[in-house]
Amino acid sequence: MNPMIERLESITARYEELGQLLLEPATLSDNRLMAKLAKEQASLTQTVEAYEEYKKIEEELVSAHELFHEKDEEMREMARMEIEELEPRKEELIAKLEVLLIPKDPMDDNNVIVEIRGAAGGDEGNIFAGDLYRMYTRYAETVGWKTELMEVQESEAGGFSLISFMLKGDRAYGRLKFESGSHRVQRVPKTESAGRIHTSTATVLVSPEIEAADFEIDDNDLEIETCRSSGAGGQHINKTDSAVRIVHIPTGITVKCQDGRSQHENKATAMRLVRSRVYEEHMRKLEEEAGAERRSKIGTGDRSEKIRTYNYPQNRVTDHRIGLTINQLDRIMEGKLGDVLDALEEYDQKLKLAGEK
C-alpha cells in the first residue's frame with residue numbers, strides 16, 4: 001500500500017475511534033478528557049474529509065476508465081471528458097493531503113503569549129514596541145481573537161520598554177509563532193528636528209500558552225514575593241501590596257505582574273507567564289541537545305535574529321527570512337498582517353514537504 005494511503009487509513013481509524021470514545025460514559029463524566037478527545041478529533045477532521053473526497057474521486061475514475069473501453073463511441077467520449085475533469089481534482093487533493101499530513105506542532109492550536117521589548121534606539125525603540133503592540137492587537141480584532149494584558153512597563157516618551165499580552169483565539173500560536181525575533185524600524189523620529197532617518201529595534205518573543213496539566217513546574221524551584229505596585233495603575237493598585245514577582249530559580253526567568261485587581265489575579269497571570277517561558281527554555285535546550293533546528297528553518301526564534309524591517313519613508317515591509325517585500329507598510333501597521341503570516345506558513349510548509357520527500 002502507498003505510504004501516504006497507509007497514513008490516511010490510520011488517521012481515519014483514529015478519527016472513528018475518537019468518535020466512539022466521546023460517546024462512552026467515562027468520557028462524558030470527565031470534562032477535561034472530553035475536551036482533549038474532542039480537540040484531537042477536530043484536528044483530524046479536515047484530513048479525513050479530504051481523504052473521503054479523494055477516495056470518491058478514485059472510485060469515479062475507475063468507473064470512467066472502465067467505460068472508456070466500451071465499444072460505444074459516445075460512451076467512450078463521455079468517459080474521456082469525465083477523466084479529464086477528475087484527474088486535475090485528484091492531483092489537487094493529493095497536494096492538499098500532502099500538506100495536511102505534515103507533522104503539526106501540537107501547540108499550534110494554543111493561545112499565544114507575546115512579549116515585546118523596546119531595544120536599540122532608546123525612546124524610539126520603546127515607541128516602536130508600542131506600534132508593534134497595536135499592530136498585533138488590531139490583527140487580533142480582525143480575526144476575532146481576544147486580547148488580555150499581562151505585564152506592562154510603560155515608557156515616559158510613549159510606547160513600552162516591555163509589554164506582555166495574551167491573544168486568545170483559533171490557532172493563535174500557529175499563526176504568530178514565526179514573529180519571534182528583532183524587528184527593525186527605519187523612520188524619522190518625532191524628536192528629530194533635522195529630519196534624519198534613524199534605525200531602531202524592538203524584540204518580539206512569542207510563546208504558546210501552556211496549561212499546568214501539560215507542563216509541571218516544581219514549586220520548590222519558584223521564589224514568589226509580593227510587593228507594592230509601582231507606576232501608574234490607579235488608586236486601588238497603589239494602596240495595596242498586590243504586585244507579584246516570581247523567579248524561576250534554575251533558569252533565572254523573572255516575571256512581575258501588577259495590573260490585575262488583586263494579588264490573586266496577579267499571581268495567576270505571573271504563573272502563566274513563567275510556565276510559558278520556562279516551557280520555551282525547556283524546549284530550546286532539548287532541541288539544542290538533539291542538534292535540531294529551532295522550530296523550523298524559517299528562524300531560530302532568538303530575540304537577536306533580525307527578521308523584519310519596517311521602512312516608513314518608502315512605505316515598505318521586508319521579511320528577510322523569506323525574501324518577502326510588501327509596499328503597504330501603512331496597512332500592515334493597521335493590523336493587515338494576513339499576507340505576511342500566510343507567506344511564512346506557506347514557506348514553512350514547503351520546507352517541511354521537501355524534508356519529508
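As the structure is a prediction and not an experimental result, all values here were calculated from the model.

About the thresholds
Residues numbered from 1 in each chain as written. Predicted model: local features only at pLDDT ≥ 70, side-chain atom pairs only at ≥ 80, totals over all residues. Heavy atoms only, no water. Patch = residues over 30% accessible without salt bridge, like charges linked within 9 Å, V, L, I, M, F, W, Y side chains within 5 Å. Areas by Shrake-Rupley, 256 points an atom, 1.4 Å probe, with all protein chains shown as cover. Salt bridge = Lys/Arg side-chain N within 4 Å of Asp/Glu carboxyl O. Lys, Arg positive; Asp, Glu negative; His and termini not counted. Charge placed at Lys NZ, Arg CZ, Asp CG, Glu CD. Helix = DSSP H or I, 4+ residues; strand = E, 2+ residues; numbered from the N terminus. Buried < 20%, exposed > 50% of the residue type's maximum accessible area, 1.4 Å probe, protein only. Pairing = 2+ DSSP bridges. Expected span 1.5 Å × (residues − 1). Bend = angle between axes of the 7 residues up to and from the residue. Polar contact = N/O pair within 3.5 Å; in protein donor to acceptor, adjacent residues only side chain to side chain. Axes fitted to C-alpha atoms, helices over the stretch in contact; angles between N-to-C directions. Contact = heavy atoms within 4.5 Å. Parallel < 35°, antiparallel > 145°, perpendicular 65-115°, else oblique. Left-handed = near helix turned anticlockwise from the far one by under 90°. Nonpolar A, V, L, I, M, F, W, Y, C, P; charged D, E, K, R; others polar. Phe/Tyr/Trp six-rings, centres within 6.5 Å; stacked < 30°, edge-to-face > 60°. pLDDT = per-residue confidence, 0-100. Domains from an automatic or database assignment. Buried area = accessible area lost by both parts, 1.4 Å probe.

1. Some points on a negative patch on the surface
Where like charges cluster on the molecular surface, the negative patch consists of E66, E70, D72 and E74. With respect to the secondary-structure elements, E70 resides in the loop between α3 (31-67) and α4 (73-100).

2. Looking at the pattern of salt bridges
Under the defined criterion, the tally for this structure stands at 29 salt bridges. Salt-bridge contacts for R308 lead to D319; the nearest nitrogen and oxygen are separated by 3.0 Å. Residue R308 is found in strand β9 (residues 306-311), and its partner D319 is found in strand β10 (residues 316-319); the two are separated by eleven residues along the sequence. For the residue pair R308 and D319, the accessibility class agrees, reading buried in each case.

3. Structural notes on the pairing of strand β1 (residues 112-118)
Counting buried positions over the seven residues of β1 gives five, a clear majority of the element. For β1 and strand β3 (residues 160-168), the ladder comprises six bridges, and the chain directions are antiparallel. Bridge pairing in β3 links I113 to M166. Across seven bridges, β1 lies against strand β5 (residues 198-208) in antiparallel orientation. Across the sheet, the residue bridging to E115 is L205, located in β5.

4. Here we look at α3
Between its first and last C-alpha, α3 extends 53 Å over 37 residues, near the 54 Å set by a 1.5 Å rise per residue. The largest bend along α3 reaches roughly 40 degrees and is located at T45. Every buried residue of α3 is accounted for by L37, Q41, L44, T47, V48, A50, Y51, Y54, I57, L61 and A64. For α3, the capping residue at the N-terminal end is D30, with a side-chain oxygen 3.2 Å from the backbone nitrogen of R32.

5. Examining the sheet that holds β3
Where strands meet in a sheet, backbone hydrogen bonds hold them as pairs that are either parallel or antiparallel. Strand order in the open sheet formed by eight strands is β2-β3-β1-β5-β4-β9-β10-β11, with mixed pairing between adjacent strands. Each edge of the open sheet carries a strand with a single partner, namely β2 (146-154) and β11 (324-326). Between one strand axis and the next, the sheet turns by 15 degrees as a mean value, whatever way the strands run. On the sheet, helix α5 (residues 123-142) packs against β1, β2, β3, β4 (181-187), β5 and β9 and is oriented at approximately 10 degrees with respect to β3.

6. Brief notes about the packing of helix α1 (residues 3-21) against α3
Contact pair α1 / α3: the axes reach a minimum separation of 9 Å and the direction vectors enclose 135 degrees. When the axes of α1 and α3 are compared, the pair comes out oblique. Note on packing geometry: the crossing formed by α1 with α3 is left-handed. Across the interface between the two elements, I5, L8, E9, I11, T12, R14, Y15, L18, G19 and L21 of α1 pack against L37, E40, Q41, L44, T45, T47, V48, Y51, E52, Y54 and K55 of α3. Tallied by class, the residues present in the contact of α1 with α3 amount to eleven nonpolar, five polar and five charged.

7. Looking at the packing of aromatic side chains
Per the counting criterion, the structure on display carries five aromatic pairs. For the ring pair Y51 and Y54, a centre distance of 6.3 Å and an interplane angle of 20 degrees mean the geometry is stacked. With Y51 and Y54 both in helix α3, this residue pair falls three residues apart, about one helical turn. Given the relative accessible area of 9%, Y54 is considered buried.

8. Overview of the environment of D219
In this structure, D219 sits in the loop between β5 and β6 (222-227). Separated by 190 residues in sequence, D219 and S29 place their C-alpha atoms 30 Å apart.

9. Things to note about the confidence of the model for the protein
Residues at a pLDDT of 70 or more form 90% of the protein, whose mean pLDDT is 85. When mean pLDDT is taken per element in the protein, β10 scores highest with 96 and helix α7 (residues 234-239) scores lowest with 44. Scored below 50 in pLDDT, residues 232-238 makes ten contacts in the model with residues more than four places away or belonging to other chains.

10. What about the packing of α3 against α4?
Taken N-terminus to C-terminus, the directions of α3 and α4 make an angle of 155 degrees; their axes are 9 Å apart at the nearest point. In terms of axis orientation, α3 runs roughly antiparallel to α4. Along this stretch, α3 crosses α4, giving a crossing that reads as left-handed. Along the lines of polarity and charge, the residues of the contact of α3 with α4 split into 15 nonpolar, three polar and nine charged.

11. Let's talk about the sheet that holds strand β8 (residues 253-257)
Here we have three strands laid out as an open sheet, ordered β6-β7-β8, and antiparallel in their pairing. Where the open sheet ends on each side, the last strands, each with one partner, are β6 and β8. Within the sheet, the average angular offset between the axes of one strand and its neighbour, ignoring direction, is 15 degrees. The pairing of strand β7 (residues 243-248) with β8 spans five bridges and is classified as antiparallel.

12. Section: the domain arrangement of the protein
Along its sequence, the protein is organised into domain 1 (3-101), domain 2 (112-212 + 297-354) and domain 3 (219-291). Counting from both sides, the interface comprises 17 residues of domain 2 and, opposite them, twelve residues of domain 3. Interface of domain 2 and domain 3: buried area, both sides summed, is about 1200 Å²; carbon and sulfur atoms make up 50% of it. For the domain 2 face of the interface with domain 3, the top three residues by lost area are M150, E151 and I210, together amounting to 44%. At the boundary of domain 2 and domain 3, one finds four salt bridges. In this structure, the salt-bridge partner of R277 is E115, at a minimum N-O distance of 2.8 Å. At the boundary of domain 2 and domain 3, one finds six residue pairs in polar contact (both at pLDDT 80 or more). Residue assignment for the side of domain 2 that touches domain 3 shows that the elements contributing at least two residues are β1, β2, β3 and β5. Among the elements that make up the side of domain 2 that touches domain 3, the one with the highest residue count is β2 (four residues). Considered class by class, the residues forming the side of domain 2 that touches domain 3 number nine nonpolar, two polar and six charged.

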